[in-house]
Each structure stands twice: as structure tokens, then as C-alpha cells.
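These are the residues of each chain, in order.
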There are 2 protein chains.
Amino acid sequence: MAAVAAAAVVNREAFRQAVVNTLERRLFYLPSFKIYRGVAGLYDYGPPGCAVKSNVLAFWRQHFVLEENMLEVDCPCVTPEVVLKASGHVDKFTDLMVKDEKTGTCYRADHLLKDFCKEKLEKDLKITEEKASEFKHVLAVLDDLSAEELGTKIKEYGITAPDTKNPLSAPYPFNLMFQTSIGPSGLSCGYMRPETAQGIFVNFKDLYYYNGNKLPFAAAQIGQAFRNEISPRQGLLRVREFTLAEIEHFVDPEDKSHPKFSEVENLEFLMFPRQDQVSGKSARIIRIGEAVSEGIVNNETLGYFIGRVYLFLTYLGIDKDRLRFRQHLANEIAHYATDCWDAEIECSYGWIECVGIADRSAYDLRAHTEKSGVPLVAAEKFAEPREVEKLVITPVKKELGLAFKANQKMVVEALEAMEEKDAMDMKSTLESKGEAEFYVCTLGKVVTIKKNMVTISREKKKEHQRVFTPSVIEPSFGIGRIIYCLYEHSFYTRPSKDGDEQLNVFRFPPLVAPIKCTVFPLVQNQQYEEVAKRIAKSLTAAGISYKIDITGTSIGKRYARTDELGVPLAITVDSTSTVTLRERDSKQQIRVSVEEVATIVKEVTDGLNTWNDMLWKYPTHSAAATED
Amino acid sequence: MAAVAAAAVVNREAFRQAVVNTLERRLFYLPSFKIYRGVAGLYDYGPPGCAVKSNVLAFWRQHFVLEENMLEVDCPCVTPEVVLKASGHVDKFTDLMVKDEKTGTCYRADHLLKDFCKEKLEKDLKITEEKASEFKHVLAVLDDLSAEELGTKIKEYGITAPDTKNPLSAPYPFNLMFQTSIGPSGLSCGYMRPETAQGIFVNFKDLYYYNGNKLPFAAAQIGQAFRNEISPRQGLLRVREFTLAEIEHFVDPEDKSHPKFSEVENLEFLMFPRQDQVSGKSARIIRIGEAVSEGIVNNETLGYFIGRVYLFLTYLGIDKDRLRFRQHLANEIAHYATDCWDAEIECSYGWIECVGIADRSAYDLRAHTEKSGVPLVAAEKFAEPREVEKLVITPVKKELGLAFKANQKMVVEALEAMEEKDAMDMKSTLESKGEAEFYVCTLGKVVTIKKNMVTISREKKKEHQRVFTPSVIEPSFGIGRIIYCLYEHSFYTRPSKDGDEQLNVFRFPPLVAPIKCTVFPLVQNQQYEEVAKRIAKSLTAAGISYKIDITGTSIGKRYARTDELGVPLAITVDSTSTVTLRERDSKQQIRVSVEEVATIVKEVTDGLNTWNDMLWKYPTHSAAATED
């Protein structure tokens, strides 16, 4: 089995090499600052890559911002410390690092352990069943290991620095934010934002007002984010600067229904619920409507966005059979989150998280409310005052202080933050048993609460409005990762006409293609070149990006060149009145007039008509005449 | 005269306050991280501002990248030190700063001096003619003053810290780049890029290859740039993070003609040549074709871009009477630049540089060639080998060393870098007079070169190709500044219907408008709201951004609200079959069917038809019926 796995790895790597070679050779992307030997984890998008990216972002705007009337904002990357202190990034946005004790080279501790276990499993044919299952277990719980546990494993397995075989330091946390200083005094610390979301949260009050003080509404932001990775790898997948597109949908925590849910409820796709993962099952096709009604997905709004993300990714050209929505396991999910699903796309590196869709409850708005003192809340005004029963939790600080000493504050906060249901459960347990077990997430442990430590009751009050902190549902898109997976899903090879070489093709949908069409004068003569220029002008007027190739190279070679850029249509100028229009994947050709050709290209690339419609409408052209 | 000037200042400031109030109230922009009391020089674009920005950028891509087939790239903001060392930013991208000697607060030295002189000129009615002309002179040469000279003036005038009146330190340079550290070792210094251009220069070799090893071609980049300003002011005009859109057009230094120059040569607009500025004249209207043929503008390519920039800005809605192209004075222009023009837009802050269009000669590519050791050059292959006469400059290092000691290296480099004409001039001067005056820019002074210090000759060689460093012509757009000026140029007020208040309007062209149309059900009833929803759906399908306002507010108030956002068209649903379509500036209204309305809005906002065309085609509607 290890041999089969190894062969699969070789295949995957050969495929990846073919894709990456084409991408780099055609300047879809390239290492940044190459003439200075580059910087790990920084890449440039060259012309076709840049065009793909701007197409993907334009479609994101259309599909999400415009269709849902979202409020798009644009905030700076430079962020003062206080904001990221409130969000938790200053204290917790870290990875565990080990250092080569002699050279000082840094590595991610979990990566070294992961590589070691994988290598053993894939290449060591002699390991025992017992050892194999131990390594598998380590891989499964990798994300959960503490610094100490990682250090113990690294020592136990005798893992050394990969480049030098020198001994390694114990693991210690390294903050992944790029730090800088704002203003000339050197006293004001700042960071390059690690995500765009915080810019939206701190503006909640103004955005809510802009929306007429009404919920739900969504804000969105596209922009650069920065993570000073310890040791970037996997090419475009783990980089130090990347484009994020994030949505923060604010909703009443008591009503997470979505008015447009019915538009997506019948979509079916691969889902991988927590329960199935834990019990060792595979991902399976589930109708999103069913996932919500059965409580697999927590609420309609979360389900709606999962459906919309599915549509977004598949319209772009992501293969639906290699796309799954995986629910976070209990150990992955943030303590405050209600539910979280990752859109994972399978590529040669495995299943890659490309979009995260989380119900983050009220966490972020509460954190900024607390730090800034500005209440980030919404209000529902009642038509007439209502008598409401309110949950009142009153911790008895004296008793708690005696019992928990320095931890008192955290226990108090956790008690006060209890949800209705948890509080009422505790109330009845306290009444029946006199004490209750209680998990305090900020302490990371369970404590025992005695009856005299807290009173929980429901009291009646008259209220004119209900003031509450909205929940936020956050779909967050790693644009670079989506694009890289799209490259892999779009790539294929086919033999050249004489069969002596393999030609590369990207089967991008027109929506994504960096250039919509090419114009080739069949032979180098002035007449044809003038027709080509006339066509070029009409393409520009129609807003279609194109490329003219007037080199004398054979048409077959010119087709191969643009197939490699994923250009869907090619116009060959082979007369002064009509031209040949060729489709990339089918290689079918039709004859159309010079006057019409721009319009036809526009209709096909805008999706108003399909290539098949055109095949019915226009005479086909025999390939033999031009393909060589 | 001082009184008149003071009144003008008050007017300008009142106008600015009205614009800025509207912009902030309607969330076009807002101070970033407001709930934490903000950070000077950082602003967010709220929903309408973000939409305006993305419209401006989309049009920039259409007008420049697509129309000129430019190679767009996308490089990271995080930049390693070596790149910015080569470009000169590490050593020279500084402003002179003074510190409050007691509190440590920092100020820009030139700003304090400028404010002092301006205040004296505007508000001190008792100053002598002589003093006045001294202050005017200081203002004119402000950018030229050295640290010492600035310090002397500040002392002489007794300028103190504005907030505390404490004494100030002597001026010293402060580097404006945000510094950071790349990777976990802490050893690799990096900066947030101060401009996007360097990312293009370091990729020249790959881009040239991508373009089939042919010149000319242009690369372009849109992205964030960062400048850690000492004391940001003037709102959106001087900020610490901003969006730049830059073009680097690479061209053979021996042929700077442009094939499409004839398309712009008849454009006429305000130009302000160096000569006119020096001799105290005003800007005047010049035909760009004339400016190039008379040598006012150095070459056709530079002229072509000036013309294209003029078209770009005026299409956006910049008032052509408050737009001028000002040539850099001898003291402003970089020593390596051949010519440089700024597109300046007049707003309440005065004439603001919004686009710089410079012929930077071969400076940047040479700097990176030298630092990286990778030749960033182009080659022109000859059909058959050519006998060429080549300029050979051979500095005699021994003699130069004796004469210039430590400065020898800089004199040698300056001699070797001489252009053909300058070298031949020096040769003949040396021959006739035995010595020649020579300006060494890196020393900032003129030295005397004797005959025995250099030999200059022309030698014949056989060559198969000509290898050269291309010149680069760089139009560089400050997007935030353009947008701010656009806001001021688009803003006006008009009385409300009963004349009791002034209403604000932005007269954005549809191209720029953040939202293309609004939909108002006349009264709150289900029938009208359903029609509104149907219209909304057809607008979304047509790709038109819109806003529905179903509040019961009067139609007049709702119109006023969207006029303030610059929405060009409003649809009022006042029946179930036909609706009223109203144009923002004329307030004219027509009646159109529910089915047609989205198409009509699309035609007008896409510029396929004008509002006037529609007035001919559809029945007009009396304003009285709905405007209240």
C-alpha cells in the first residue's frame, strides 16, 4: 500500500510540475524580486495571472456585493496595535517555531513533525502496524498539540533541522504579523493587517446607520492581508502577502433565517459534517436545504452562504467533484463560533481550505465594544412597550473570589456571558445538586460552581426596544488559493497534430480567461494585417481583451501558444471579408464575416450565447485548411 | 489686498467644509479606526466612496491597460531592502523633521516655515513690501532649501512648536518608508513599498520576453503604496496609505515617437511650461501637437500620455478649466529625468499634483542592473552587421584622483555617463580651452575638468545588434487625490422646493456614480413594492448597481438623499405599468414602462444614449405630480 501511495505522490507531483512550469513560463505568476533572488512566500502576478485575478474579483463583486446589495468598504492595511489587541491577534496570532541551534534557521514545529510522520508512512516500508497508527494519530491531532507536546514528540522521534541535521530548540510562539511603527516618533506600534475583517467590525456603528439602522445587512471588503510565515511553502498556497475577499453579514442572533434561502435550498454538493469525520466516513452529497433542516448546518443564513459559495466556485470553473464543504471539528472551531464550514478544494497538495464560512456569533463586535468603550449594538424598536422576561445572572463575587482567587475575573465573565439555555440548565442543576460543572474557555478548564456563587433568575421588565449585539456570519475567501486550484482544475494536455508532443491547455471559462480572444493574420501581408487591426479596434470598442499575433509562425503553433494562456476563441484572418473563428477545447471552427466577429465573440464570452448556438448559426470550417 | 486674500480663504474653506461634511455624513470616507480615535493620515472608503474608487479604477483599466494592450502586473507591498536601496529610497526618500524639544512631537520643517510665511502674507497687514517679497521668495524656493538653510530660517523667524510654543530642534532627515522585518529571524529588513513602479522595473527582463523581445511596450500596476508622513494633513490629499496606478512605458531612447500620437495631437488644454513659470506668466491653452513640435514637451510619447491623461481626467468629470499640465522647474526635476509634467487639479487646497508624467530616461533600469548584476537591457537586431561609430569616454583615473581625491569615483561615473552631445561639446571645449566646467550631480556642484583628465573619441566598430537600456516614460496616478478633486468639482448646492434649505448634489457622470439608480415606491403599499422588486431584479440582471428606498419619506426628501450620493437616475414606482424616471441635475422626468426601464437606465449609464435622446423618445412627466 505504501508503494501505491508513493506512486500516487509521484503522479501528483509530475502533474503539479507540468502546471507550475506552464504558469511560470507564461508569466501567470513568478517569484517576486527574482533578479535579487526573490523572497520566500512573495509572488508577482504577471499579465495573464493579473487578468485572471481581476476577472475573479470582478465576478466576486457581481456575485456577492451587487446581487446582495452589500456595503463594500476599503480600509488601510496599516493598523494600530489597539485594534489587533482587541481582536486577539497581538496575543494569539502565532505559530510554534523551532530554531536550528547552530545556524539559527527557523522552522515551523508542526511542519517538521508532519513531514516526519508523512515520510515514514509513505516511504518506510518496514514500519509496524502499531507505529503506523501512531503516526496517523499524530497527523490527526497535529493542530491540537501544545508547545510542550510538540517539543516532546520532536525529541522522541529525534527530528533535527532538515538542512543541517543540527539539533533544534524547544518550540516557542512566533507572532505572524508584520510589525511596523506609525508616525515619526517611533512610539506608536502598528501591524500590517492579517485579515480585512477588523476594518469592517470597527465601522459597524456607521455602517448600521448607513443601512438605516436595519438588520440584517452585509459589509464586504477586498484587499491585501499579510502573514509573516515562518517558512512559506506550497507555492501560491502559503504566502506572506495575499488578497482576501471577506463578507461580514450582521444578523439578529434570534433570527438567522434568510429571505433568499429558497433560491439555493435545492443545490446538492459534497459536504463533510463533523459527525461523519469523527466516525471515519467520507464526504457525501447532501442537499443544502436538508443540511439546514436537519441541523447539520446551524442556520439558514450560514446555509445560504454555503450555497452561494458553491455557485461562485463552480461558475469560476472549479470541478464540483473536487470541492467539498467540511465542517470544523470541535478542536478546530473557535470557542465563540456557533458553526464553521470550510470550502476545501482538492489539488495536488491535497484538500486545501479556500473559503471559510463561519458563524462567529457576537464575538468580534463584543471585543471591540469592550476595548473601545463604544457600544457596537443594534436595536429592535417595539411598536409598543413589551413586558419581557429577562435572564439575570448575578455572580457573587465574594464567594467566587474565595474559591478562584486570581481566576475570579475570568469565571465571573464566563458566567455573565452564558447563553439563556446554558444558564437555565445551570440554574436547575444548582437547585437539584447544589453545584454544577462549568467550562471556562478563557481558563481552558472546567470548574465547579456552587449554589452560593451565583444567582440566576428570570425577571419581568417593561422594554421599549431590544438592544443586542448582532451575530456575524463571515465568508472569507483566499483569492490566491482559489486561483491556484482553478489553474490545476483547468489544466490538461493533448497531443499535437503530428502526435510528437503534448500541448498544454487551460480550459478557463470565458468569465475567467485572461484574454478573451486572439487575432492571427494567416500569413504576413498588409491586407490581412489591416483586417486584423480593424477587428482589433472593434474588439476594443466592445470591451473585449485580445492579443494580436502577427509573427509568421504556423497557425498551429499560434493556437498552441494561446491555448496555453486559456484563450477561449481565436480569430484567423484568412480573407478580407470572412474570418475563421476557432473554439479552444473542441477545436471546432466556424466562418463569420469581419463585421460580425466582434459581436459574436462578445456574445459567447459574456455568456449570452454558447459556442454550440454559434455552431448552428454559422457554417463550420474544416480544420485541415488552417490548423497547420 | 491681504483682506481680499483672507476673504477668498474663508470662501474656499466654507466650500470645502460643505463638501467634506457631505462626504463624511454619507460615508464616502471616514477616518479609519474611528472608535479608537483614529490614526492621522489613514482613511476608510465607505460604501459610496468604495464604489466611486472601483469605478475609477475600472475605467483606468479600460482607458489605459485595455486600449493600449499594456501588461498589467500585481506585485507585493512588502519589499526587501535591497530593491529600495537600488532605487535610492533607502537613502533619499526622506523629509526634514524638527522636534518639539520638550514634548518630542514631530513636525515637517518645511511645513512650519511655509505656514509661517503664508500667515504673515495673508494676515499681517503691517508687513513691509520688502518683508513681503522675502516671504514670497522663501515660499518659492522652499523645496530647494537644505536642512541647514531651513534651520537658519526657522531660528531667524523665531518659529516655535505650533501646539506648545516650545523651542524646536534643528531639522534632520526622516525616512518616510514604513519599515518591517521579513521572516522570523529578524535579520531581513523590508519596507512597505512607497510606490508600485519598482515591482515593474525588477521584472523588466521577463516582461520584455513576454512581449516577444519587442519595444515599445508598457507595463502597468494598480496597488497600495505607503508613506509614513511626519504630520499628515489636508484630509485625503496627504495620507499614509494610498492607491497608486502606475504605467511604465519602455521605449528606445533613440525613437520616442508614438504611433497613435495623431489621435491626441489636436487636443488643447491648459499647459504651464517651465519658461512661462520662470518668467511669471500664467498657464495657457496649448495644442499638444504644437507643444511637442515646438519642443516644449520633450517627445511624442510623453505628449501622447499627457493627452491621454487629459482625456482620462475629463471623462471622469474633472473640470477642464481647473486642470493644468505644469512642467517641472529645473530645481524640481530629478537629475536623471529628461522631462516631467504634473497634471495639477485646482481645488480648495490650491493646485494639487494628481498625476506625474515623467520621462525618467534609463535611470531605474540602470540602477537595478547595477545592483542585481542582471542586465535589464533591450536589443535591436540588425538585418546585417553595421559599422557604427561609438562614443568612447576614457577617464584618466590617476589625474582625476590627484585632483578630486575622495570625490574621484563620482566624477568618473559622471564622465562615463555623459550623453553623446555633452561629451562632444566637452571634447571641443577641452581642445580649444584646455579645460571645461562640468556639473557632477552626485556632488551637487560644478568641477573643472582638465584636458589630461579624460579622452573622448568616436571609434568605428562592426555590430550585429544594438544593445541599450530602454528609457521609461512613467505616468503615475494618485487615485485618492483624483477622487478627492473630483468630489470638489462635482459638488454643488441648490435650494429645496420651498427654498428653505440648500440641498447638496454631486454631479458625477454615470461612469463614476457610486450607484447608477434608485428605486422608490411612491407610497408604501404591497403592489408598488412588488413592482419595485421586479425592477430591482431586472437591474441586477443588467449589472446595474441600485438602491431601493421603501421608507415612507416624501419623494422630495428621497430625491435629495440620493442627489447627495450623486445617483444619476431615480425610478419612482407610481403605477403598476409605467414608472417615472428622473434625471438628477435637470430634475426632468419621463414616463416609461416597467418592462423597459432597466434597459433605458443601462443605455444612459453605459453612455450608449444620452438623457436628451430619452427626452425625445418618451413622454415627459410633470414634476409637480411627484416631487413632493
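This one's a predicted model, so the numbers in the text were calculated from it and none came from an experiment.

K.L.:
Please clarify how the overall build of chain A should be interpreted in this entry.
P.N.:
Counting its secondary structure elements, chain A contains 21 helices and 28 strands. Its C-alpha atoms put chain A at 95 × 70 × 55 Å along the principal axes. Looking at chain A as a whole, 54% of its 628 residues qualify as buried. Partitioning the intrachain contacts of chain A with sequence separation of at least 6 by distance along the chain shows that 67% fall at a separation of at least 24. Carbon and sulfur atoms provide 50% of the accessible area of chain A, an area that totals close to 28,200 Å². Taken together, the 80 basic and 89 acidic charged side chains of chain A have centroids lying 3 Å from each other.

K.L.:
What is the right way to look at the domain arrangement of chain A in this model?
P.N.:
It is common to report an interface's size as the accessible area lost on association of the parts. Segmentation of chain A into domains returns domain 1 (31-93 + 177-377 + 469-501), domain 2 (94-175), domain 3 (384-464) and domain 4 (515-617). Placing the centre of domain 2 of chain A and that of domain 3 of chain A at their C-alpha centroids yields a distance of 42 Å.

K.L.:
It is not clear to me how a negative patch on the surface should be interpreted in this structure. Could you clarify?
P.N.:
Together, A:Asp143, A:Asp144, A:Glu148 and A:Glu149 give the surface a local cluster of negative charge. Within the fold, A:Glu149 resides in helix 7 (residues 147-156).

K.L.:
How should I be thinking about the relation of the copies chain B and chain A in this particular structure?
P.N.:
A rotation about some axis, followed by a shift along it, carries one copy of the chain onto the other. Here chain B sits on chain A after a turn of 180° about the axis and a move of 0.1 Å along it, with an RMSD of 0.2 Å. Expressed as a symmetry operation, the mapping of one chain copy onto the other fits a two-fold axis. Closest to the rotation axis within chain B is the C-alpha of B:Thr180, separated from it by 2.6 Å. When you check the interface residues of chain B against chain A, 100% turn up at the interface there too, and the contact is symmetric in its surfaces.

K.L.:
Would you take a moment to explain the environment of B:Leu237 for this structure?
P.N.:
Residue position: B:Leu237 is located in the loop between strand 10 (217-226) and strand 11 (241-251). Between the C-alpha atom of B:Leu237 and that of B:Gly478, which follows or precedes it by 241 residues, the distance is 9.1 Å.

K.L.:
Looking at this structure, how should I read the pattern of salt bridges?
P.N.:
Side-chain pairs of opposite charge can arise where the charged atoms are in close proximity. According to the stated counting rule, one finds 84 salt bridges over all chains in the structure shown. Across the pair A:Glu463 and A:Lys390 runs a salt bridge, and its minimum N-O distance is 3.9 Å. Pair noted here: A:Glu463 is in strand 20 (residues 454-468) and A:Lys390 is in strand 17 (residues 378-395), with a separation of 73 residues, a long-range link. Across the pair B:Arg466 and B:Glu254 runs a salt bridge whose closest N-O atoms are separated by 3.3 Å. Note that B:Arg466 is positioned in strand 20 (residues 454-468) and B:Glu254 in the loop between strand 11 and strand 12 (268-272), a separation of 212 residues in sequence. In this structure B:Arg466 comes out as buried when scored by relative accessible area, which is 14%. On the basis of relative accessible area, B:Glu254 is assigned to the exposed category, the value being 64%.

K.L.:
Explanation requested: the interface of chain B and chain A in the structure shown.
P.N.:
Taken residue by residue, the interface counts 73 residues in chain B and 73 residues in chain A. Together, B:Ile35, B:Tyr36 and B:Tyr210 form the three largest contributors to the area buried by chain B at its contact with chain A, with a combined 13%. For the interface between chain B and chain A, the tally reads 4 salt bridges. Between B:Asp74 and A:Lys53 there is a salt bridge; the shortest N-O distance is 2.4 Å. Applying the counting criterion to the chain B and chain A interface returns 20 residue pairs in polar contact (both at pLDDT 80 or more). Take the side of chain B that touches chain A: its biggest share by element is 8 residues, from helix 2 (residues 47-66) of chain B. Residues belonging to the side of chain B that touches chain A are distributed by class as follows: 40 nonpolar, 19 polar and 14 charged.

K.L.:
Could you clarify how one ought to interpret the sheet that holds strand 14 (residues 323-327) of chain B in this entry?
P.N.:
Two orientations exist for strands paired in a sheet by backbone hydrogen bonds: parallel and antiparallel. Pairing is mixed in the open sheet, where 9 strands are placed in the order 3-10-11-21-16-15-14-12-13 (chain B). In this open sheet, the two edge strands, each paired with only one partner strand, are strand 3 (71-72) and strand 13 (284-287) of chain B.

K.L.:
Explanation requested: the packing of aromatic side chains in the structure shown.
P.N.:
Aromatic ring pairs: the centre-centre distance and the angle between the two ring planes describe each pair. Scanning all chains against the criterion turns up 60 aromatic pairs over all chains. Measuring from ring centre to ring centre gives 5.8 Å for B:Tyr304 and B:Phe305, while their planes differ by 70°; the resulting arrangement is edge-to-face. Just as B:Tyr304 is buried, B:Phe305 falls in that class too. Plain terms: the ring middles of B:Tyr487 and B:Phe506 are 6.0 Å apart, the flat faces sit at 55° to each other, and that makes the pair tilted. Here B:Tyr487, found in helix 17 (residues 479-490), pairs with B:Phe506, found in strand 23 (residues 502-506); they are 19 residues apart in sequence, far enough to count as distant. Take B:Tyr487: its relative accessible area is 0%, and that puts it in the buried class. Members of the aromatic cluster, joined through ring pairs, are A:Phe15, A:Phe28, A:Tyr487, A:Phe491, A:Phe506 and A:Phe508. Positioned over the ring face of A:Phe468 is A:Arg466, at 4.2 Å from the centre of the ring.

K.L.:
Explain the UniProt feature "domain: Aminoacyl-transfer RNA synthetases class-II family profile" (unreviewed entry) in chain A here, please?
P.N.:
In the numbering used here, UniProt assigns the "domain: Aminoacyl-transfer RNA synthetases class-II family profile" (unreviewed entry) feature to residues 17-495 of chain A. Counting secondary structure, residues 17-495 of chain A comes out at 35% helix and 30% strand; the distance between its end C-alpha atoms is 18 Å.

K.L.:
Explanation requested: helix 7 (residues 147-156) of chain B in the structure shown.
P.N.:
Each turn of an α-helix holds 3.6 residues, which means side chains three or four residues apart point in the same direction. Residues and elements named next belong to chain B. For helix 7, the set of buried residues is Ala147, Leu150, Gly151 and Ile154. One side of helix 7 carries all its buried residues, which in axial view fall inside an arc of 100°. On its buried face, helix 7 sits against strand 5 (94-99) and helix 5 (109-123). One or two positions beyond helix 7, positive phi appears at Gly158, with a value near 65°.

K.L.:
How do you make sense of the state of the cysteines when you look at a structure like this?
P.N.:
The bond known as a disulfide is covalent and runs between the sulfur atoms of two cysteines. All chains considered together, the criterion is met by 0 disulfides over all chains. Not engaged in a disulfide, the cysteine B:Cys50 finds its nearest cysteine sulfur in A:Cys75; these two sulfurs lie 8.5 Å apart. Residue class for B:Cys50 comes out buried when judged on its relative accessible area of 4%.

K.L.:
Looking at this model, I keep getting lost on the environment of B:Glu603. Mind explaining?
P.N.:
Residue and element names in this part refer to chain B. Considering the arrangement of structural elements, one finds Glu603 in helix 20 (residues 597-605). Placed 11 residues apart in sequence, Glu603 and Met614 show a C-alpha to C-alpha distance of 9.6 Å. With near-sequence residues (within four places) excluded, Glu603 lies in contact with Leu608, Asn609 and Met614.

K.L.:
Quick question: what am I supposed to make of the packing of helix 5 of chain B against helix 6 (residues 129-141) of chain B here?
P.N.:
Any two packed helices are characterised by how steeply their axes cross, that is the angle between the axes, and by the distance between the axes. All names here are of chain B. Put simply, helix 5 and helix 6 touch, their axes get as near as 9 Å, and they point 145° apart. The crossing of helix 5 and helix 6 is left-handed. Facing Leu113, Lys114, Phe116, Cys117, Lys118, Lys120 and Leu121 of helix 5, the residues of helix 6 in contact are Ala132, Phe135, Lys136, Val138 and Leu139. Grouping the constituent residues of the contact of helix 5 with helix 6 by class yields 8 nonpolar, no polar and 4 charged.

K.L.:
Whenever I open this one, the packing of helix 2 of chain B against helix 17 of chain B confuses me. Can you help?
P.N.:
Residues and elements named next belong to chain B. Their axes nearest at 11 Å, the elements helix 2 and helix 17 cross at an angle of 115°. Our classification of the angle between helix 2 and helix 17 gives roughly perpendicular. For the crossing formed where helix 2 meets helix 17, the hand is right-handed. On the side of helix 2, the interface is formed by Gly49, Val52, Lys53, Val56 and Leu57, while helix 17 contributes Ile479, Ile483 and Tyr487.

K.L.:
What is the right way to look at the side chain of B:Arg324 in this model?
P.N.:
Residue and element names in this part refer to chain B. The topology assignment puts Arg324 in strand 14. Residue Arg324 is classed as buried on the basis of its relative accessible area of 13%. At a separation of 2.8 Å, a polar atom in the side chain of Arg324 contacts the side chain of Glu344. Those residues within four positions of Arg324 in sequence are excluded, and the remaining contacts are Leu270, Phe272, Ala283, Asp342, Ala343, Glu344 and Trp351.

K.L.:
Any chance you could explain the sheet that holds strand 25 (residues 546-548) of chain B here in plain terms?
P.N.:
Residues and elements named next belong to chain B. If you walk across this open sheet you meet the 5 strands as 25-24-26-27-28, and the pairing is mixed. Two strands close off the open sheet at either side, each with one partner strand: strand 25 and strand 28 (589-593). Across the sheet, the mean angle from the axis of one strand to that of its neighbour is 25°, orientation sign disregarded. Across 5 bridges, the pairing between strand 27 (residues 578-583) and strand 28 is antiparallel. The partner of Arg582 across the bridge, within strand 28, is Gln589. Strands strand 24 (517-521), strand 25, strand 26 (569-573) and strand 27 of the sheet are contacted by helix 18 (residues 526-541), whose axis makes an angle of about 165° with strand 24.

K.L.:
Sorry, what's going on with unusual backbone geometry here?
P.N.:
Of all residues except glycine, most have a negative phi; of all peptide bonds, most are trans. All names here are of chain A. The amide bond that connects Leu215 to the next residue, Pro216, takes the cis arrangement and shows omega of -10°. The residue Pro216 is located in the loop between helix 9 (204-210) and strand 10 (217-226) in this model. A positive phi angle is found at Leu27, which is not glycine, with a value near 65°. Structurally, the position occupied by Leu27 is in the loop between helix 1 (2-25) and strand 1 (29-31). For Leu27, a relative accessible area of 4% translates into the label buried. Phi is positive for Ser361, which is not a glycine, with a value near 50°.

Reading guide: rules and limits
Residues numbered from 1 in each chain as written. Chains lettered and ligands numbered in written order. Predicted model: local features only at pLDDT ≥ 70, side-chain atom pairs only at ≥ 80, totals over all residues. Heavy atoms only, no water. Helix = DSSP H or I, 4+ residues; strand = E, 2+ residues; numbered from the N terminus. Buried < 20%, exposed > 50% of the residue type's maximum accessible area, 1.4 Å probe, protein only. Contact = heavy atoms within 4.5 Å. Areas by Shrake-Rupley, 256 points an atom, 1.4 Å probe, with all protein chains shown as cover. Lys, Arg positive; Asp, Glu negative; His and termini not counted. Charge placed at Lys NZ, Arg CZ, Asp CG, Glu CD. Domains from an automatic or database assignment. Patch = residues over 30% accessible without salt bridge, like charges linked within 9 Å, V, L, I, M, F, W, Y side chains within 5 Å. Salt bridge = Lys/Arg side-chain N within 4 Å of Asp/Glu carboxyl O. Least-squares fit on C-alpha atoms with pLDDT ≥ 70 in both. Buried area = accessible area lost by both parts, 1.4 Å probe. Polar contact = N/O pair within 3.5 Å; in protein donor to acceptor, adjacent residues only side chain to side chain. Nonpolar A, V, L, I, M, F, W, Y, C, P; charged D, E, K, R; others polar. Pairing = 2+ DSSP bridges. Phe/Tyr/Trp six-rings, centres within 6.5 Å; stacked < 30°, edge-to-face > 60°. Lys NZ or Arg CZ within 6 Å of the ring centre and 35° of its normal. UniProt positions renumbered as here; feature names shortened; annotations may be inferred. Arc of directions from axis to C-beta. Disulfide = S-S within 2.5 Å. Axes fitted to C-alpha atoms, helices over the stretch in contact; angles between N-to-C directions. Left-handed = near helix turned anticlockwise from the far one by under 90°. Parallel < 35°, antiparallel > 145°, perpendicular 65-115°, else oblique.

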